[in-house]
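# Report on the structure
Each chain is listed here by its residues.
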Amino acid sequence: MFDFDLFQHLTDGLVIMDSERTILQLNPAAHRLTGWQIGEKVPHCTFCQKRVLQPGEERCILAGKEPVSYFESEMPTVYGENLPVAFSTTFLPRNNDRDRQMVLVIRDISKKRKEEEAKMAKLLARQTIEAQETERKRLVQELHDGIGQSLYSISIGLNGLLYSTRDQHLQTTLSDLLHVLNDTMNEVKRLSTDLRPTSLDMLGLDAALSSLISRIERHSLIAIEYQSTLDYNDRFSPHVELNLYRIIQEALNNIVKHSESQKALISIQWIKNREGLTINIEDEGKGFPHGEAGKYSTGLGLKHIQERVNLLDGLLEIKSQIGKGTSLLITIPDVRKEMRYE
Ligand SMILES: Nc1ncnc2c1ncn2[C@@H]1O[C@H](COP(=O)(O)OP(=O)(O)O)[C@@H](O)[C@H]1O
Ligand SMILES: [Mg+2]
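Moving on: the overall build of the chain. Along the backbone of the chain there are ten helices and ten strands. A buried classification covers 21% of the 342 residues belonging to the chain. Sequence-distant contacts in the chain: of pairs separated by 6 or more residues, those separated by 24 or more amount to 57%.

This is the structure in structure tokens:
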């Protein structure tokens, strides 16, 4: 009846069972996937175990009158796990329904499931990052149009008062207030630029990074060495540029916040007409037990760096040695390509 070789060597599992679900035959692939043996009963899949039945309806969805051409569920194995599988069934020709035999074809789809889950995770990460960027844009607008404008009006008012009074004491107080106000306005501006680097859209990655680096140097004690083969002509898609900028921004923030290093190095290598781009960000600080950073830290910085690198189809390698420093090496093999999300 069967081509025995085909039955033996097929990578799909094949199970022949009777109408009582007793296994009459199974090929090595089916045994390997499920651990079932001849003479045992085929268990119900997780879908059928849980489904609500109409009166008189069979629990097994495959046991109906008609063969089923494709169905995905999970099958309990003897190894105590539920294996994600795709089924199809067909009936062997018999005279009556009672000794009807069914051929069950089982395909292991755990790899496919994992790929789908990875795809979903990537989509989710992208949506989270996009939502975050939209929110930052909104905040920048609020800061500029709301707080920024109000502070500006206050400064004009205070300046007016300053020039209209001859009272020395009032003059000193007003000019002190104007100093504080000036610092506050600069702080708002700095916050806006941190949230949304306008120079990135207009001038590209190289210019935006140079201005980020000089801002950080102004506000910290760290000397940052910046080497780059990029110039202002080298423009990538806005998504790519923003992701690379955010990766470097977070890595630098970490150096300022955690490393206790006095030096940092950023080097970007991109050879025109060769697609790959590498970014190396290093410090000579205290380092951290790498591998544990993700586990014990409540911070999202490194996690977001990893997610952004994933979105660019790149690789991230973090090396950190206690007392010696930390380095992040990012490789984007195909930086010219529009970001692919599917
Ligand atoms: N350059 C660095 N030097 C020393 N420690 C670092 C460095 N970068 C990250 N870390 C450690 O890894 C942890 C996780 O970083 P991150 O995910 O960015 O979260 P956060 O910065 O919010 O703490 C930090 O809390 C810090 O302990
Ligand atoms: Mg951080």
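A few words now on the site of ligand 1. The environment of ligand 1 is made up of 18 residues, and the closest members are Asn254, Ser259, Gly299, Gly301 and Leu302. The set of elements that each furnish at least two residues to the shell around ligand 1 consists of α8 (238-259) and α10 (301-311). A per-element tally of the shell around ligand 1 places α8 first, with five residues.

For the rest of this paragraph, the subject is α10. Listed as buried for α10 are Ile305, Glu307, Arg308, Val309 and Leu311. The elements touched by buried residues of α10 are α4 (110-164), α8, β9 (315-321) and β10 (325-332). Asp313 occupies a position one or two residues after α10 and carries a positive phi of about 55°.

On to α4. Here α4 contains 55 residues, and its C-alpha end-to-end distance of 79 Å stays within 8% of the 81 Å for a straight helix at 1.5 Å per residue. Bending of α4 peaks at approximately 35° at the position of Gly148.

Both strand β6 (residues 223-228) and strand β7 (residues 263-270) contribute to a ladder of six bridges, which runs parallel. Directly across from Ser228, in β7, lies its bridge partner Ile268. In this fold, β6 hands off to α8, which returns the chain to β7; that crossover is left-handed.

Attention shifts here to the sheet that holds strand β2 (residues 23-26). Taken together, the five strands give an open sheet; going across it, the order is β2-β1-β5-β4-β3, and neighbouring strands pair in antiparallel fashion. Looking along the sheet, the strands with just one partner apiece sit at the ends: β2 and β3 (71-76). Looking at each pair of strands side by side, their axes are set apart by 35° on average, direction ignored. Pairing analysis gives three bridges linking strand β1 (residues 13-17) to β2, with the strands arranged antiparallel. Bridge pairing in β2 places Val15 opposite Leu26.

Pairing within the open sheet is mixed, and its five strands lie in the order β6-β7-β8-β10-β9. Because the sheet does not close on itself, it has two edges, and the strands there are β6 and β9. Within this sheet the neighbouring strands show an average axis-to-axis angle of 10°, counted without direction.

Interface size is commonly expressed as the accessible surface area that is lost when the partners come together. Examined at the domain level, the chain breaks down into domain 1 (4-108), domain 2 (111-196) and domain 3 (199-342). Centre-to-centre, using C-alpha coordinates, domain 2 lies 24 Å away from domain 3. Taken together, the contact between domain 2 and domain 3 spans seven residues of the former and seven residues of the latter. Ranked by the residues each element gives to the side of domain 2 that touches domain 3, the list is headed by α4, at six residues. Classifying every residue of the side of domain 2 that touches domain 3 by side-chain character gives three nonpolar, no polar and four charged.

Let us now look at the pairing of strand β5 (residues 101-108). By the bridge criterion, five bridges tie β1 to β5 in an arrangement that is antiparallel. For Val15, the partnering residue across the bridge sits in β5 and is Leu104. One ladder, built from eight bridges, connects strand β4 (residues 82-92) with β5; its direction is antiparallel. The residue of β5 that forms the bridge with Phe87 is Ile106.

Let's shift gears to the packing of α4 against helix α5 (residues 168-195). At a minimum axis separation of 10 Å, α4 and α5 run at an interaxial angle of 165°. By the angle between their axes, α4 is roughly antiparallel relative to α5. Helix-helix and strand crossings are classified by hand; for α4 and α5 the assignment is left-handed. Of the residues in the contact of α4 with α5, the class split is 17 nonpolar, eight polar and one charged.

To continue, consider the nonpolar core. In this structure, Ile247, Ile248, Ala251, Ile266, Ile279, Ile281 and Ile330 are the most contacted members of the largest nonpolar core, which totals 30 residues. Elements supplying a minimum of two residues to this core: α7 (205-219), α8, β7, β8 (277-283), α10 and β10. Contact partners of Ile281, with chain neighbours within four places excluded, come to Ile248, Ala251, Ile266, Ser327 and Leu328. Core analysis: the second largest hydrophobic core is formed by 19 residues, Ile16, Ile23, Ala29 and Leu33 among them.

Definitions and cut-offs
Residues numbered from 1 in each chain as written. Chains lettered and ligands numbered in written order. Predicted model: local features only at pLDDT ≥ 70, side-chain atom pairs only at ≥ 80, totals over all residues. Helix = DSSP H or I, 4+ residues; strand = E, 2+ residues; numbered from the N terminus. Buried ≥ 20, exposed ≤ 12 C-beta atoms within 10 Å, placed from the backbone. Contact = placed C-beta atoms within 7 Å. Near = placed C-beta within 6 Å. Expected span 1.5 Å × (residues − 1). Bend = angle between axes of the 7 residues up to and from the residue. Pairing = 2+ DSSP bridges. Right-handed = clockwise from strand over helix to strand, strands pointing away. Axes fitted to C-alpha atoms, helices over the stretch in contact; angles between N-to-C directions. Domains from an automatic or database assignment. Nonpolar A, V, L, I, M, F, W, Y, C, P; charged D, E, K, R; others polar. Parallel < 35°, antiparallel > 145°, perpendicular 65-115°, else oblique. Left-handed = near helix turned anticlockwise from the far one by under 90°. Core = buried A, V, L, I, M, F, W, Y, C linked by C-beta atoms within 7 Å.

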